[in-house]
Amino acid sequence: MTVFDPSGIRLNRRRLLTGAAVTAGMLAAGPLWAGRAQAAAAKATLAYGSTGYTWAVPFVAEAAGTWAEAGFDLSTMEFESGRDSMQALLAGSADFSASTDTPVVFAVLQGLRPLILVNYSRYSRDMKIVVRKDGGIDPAKSASLKGRRIATRVGTSGQYMLAKYLEFAGLAPGDVEVIDLTPNNMTSALVRGDIDGFAWSSQSAAVAERQSGGKTAVMTQDGLEKFFQSHQLLLTTEKVVKEKPELVAGAIRALQGAERRILADGGWADLISRRIHTPPKEILEATSEFTFKIAFDDRFVDDLVAEAEWAIAAGLAKRPAGDLRALFRGLIVESPLKAVAPDRVTLS
């Protein structure tokens, strides 16, 4: 396991309740705002793994001021991966971490206990299989990947999606040669012809299309949702849940506010465009594959267990003692969400 290294942190202090205009507004609004102003002195720290539209909900929460409305002054820490941000959380450097489900699965299989506070969005089709149009692969026929060299990042959601895509295509894991590449090298390797395709995000697919002059294509995904679903999560720790219950409740409110903004405002991407260095139109196109809904259901637990079984079968992790479903079910902190939106929690 990688040791947490604080030298890799980029700390970004976001004072969300400052400025004369905000102060004047609070004074005019009376006691309710006065109470919020007092609560704003409470601090919260959120660690991110990378910067991209995957974190749309918490990024909008910052930009739209819903953390401030919940009564908290938020600081953020940015890392290169969800695994790194989660390690900062577990080391006690942050109250929350934004992560996809894959780092959580691997952490739990290593005996760690990140708690899942919010499951705020999910997708089945943002991860793509991108191939060369002149490589003899038919994008409309998933099984035409057989015998090809496909790049991804080993031990990530990209590799997991590729494994589930092969299952979807009726192929065995050994029917393709998996090439371990960093995301930045996948597109250039495909354009050069060093690989036949790669499994990574739709953002990388768009880059490959531009760099190749339109000579790449995306493999069909019709029906893939039955095999693969990725979840975007807000994680915390037992210490935060026990010692800062007001912060936990505030995080729920902040992300609920962001969800409402995304669903009600067609221009929400403008709020985060500069931060993630992506045009609003491209953000909206990419996240059209997302379901923005804070919820816990049995499919979520099913997906965690399925990914854990894959990691164990692939030799990437050892099977822990006990039942996998009970293990992951025990890491979901459902009561804060259930208290304010009971219809969003349908776990068995």
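Our structure is the block above this text.
Because the structure is predicted, anything quoted here is derived from the model rather than measured.

Conventions used here
Residues numbered from 1 in each chain as written. Predicted model: local features only at pLDDT ≥ 70, side-chain atom pairs only at ≥ 80, totals over all residues. Heavy atoms only, no water. Pairing = 2+ DSSP bridges. Helix = DSSP H or I, 4+ residues; strand = E, 2+ residues; numbered from the N terminus. Axes fitted to C-alpha atoms, helices over the stretch in contact; angles between N-to-C directions. Contact = heavy atoms within 4.5 Å. Salt bridge = Lys/Arg side-chain N within 4 Å of Asp/Glu carboxyl O. Buried < 20%, exposed > 50% of the residue type's maximum accessible area, 1.4 Å probe, protein only. Phe/Tyr/Trp six-rings, centres within 6.5 Å; stacked < 30°, edge-to-face > 60°. Arc of directions from axis to C-beta.

## A word on the sheet that holds strand E6 (residues 127-132)
What holds strands together in a sheet is hydrogen bonding between their backbones, with the strands either parallel or antiparallel. The five strands are arranged E8-E7-E9-E6-E10 in an open sheet whose pairing can be described as mixed. Edge positions in the sheet fall to strand E8 (177-180) and strand E10 (216-218), since each has one partner strand and no second. Across the sheet, the axes of successive neighbouring strands diverge by a mean angle of 30°, strand direction being ignored. As paired strands, strand E7 (residues 149-152) and strand E9 (residues 197-201) are joined by two bridges and run parallel to one another. Residue Ala-151 lies in a different strand from E9, and its bridge partner there is Phe-198. Running over the sheet, helix H7 (residues 157-169) touches E6, E7, E8 and E9 and is turned about 75° from E6. Along the sheet, helix H9 (residues 202-212) makes contact with E6, E9 and E10, crossing E9 at roughly 130°.

## Describing the pattern of salt bridges
Enumeration over the complete set of coordinates arrives at 23 salt bridges. Salt-bridge contacts for Glu-62 lead to Arg-275; the nearest nitrogen and oxygen are separated by 2.9 Å. Here Arg-275 lies in helix H12 (residues 273-276) and Glu-62 lies in helix H3 (residues 56-63), a separation of 213 residues in the sequence. Residue Glu-62 shares its accessibility class with Arg-275, and that shared class is buried. Residue Arg-329 is joined to Glu-334 by a salt bridge in which the shortest nitrogen-to-oxygen separation is 2.7 Å. The class for Arg-329 is partly exposed, based on a relative accessible area of 25%.

## A short note on the packing of aromatic side chains
Applying the stated criterion across every chain, the model contains twelve aromatic pairs. By way of ring pairs, the aromatic residues Tyr-53, Tyr-123, Trp-268, Phe-290 and Phe-292 are connected into one cluster.

## Overview of helix H8 (residues 183-192)
Of the residues making up H8, those classed as buried are Met-186, Thr-187, Ala-189 and Leu-190. Down the axis of H8, the buried side of the element spans an arc of 165°, and every buried residue falls inside it. Opposite the packed face of H8, turned more than 90 degrees from it, sit the exposed residues Asn-184 and Arg-192. Of the residues flanking the end of H8, it is Gly-193, one or two places downstream, whose phi is positive at about 90°.

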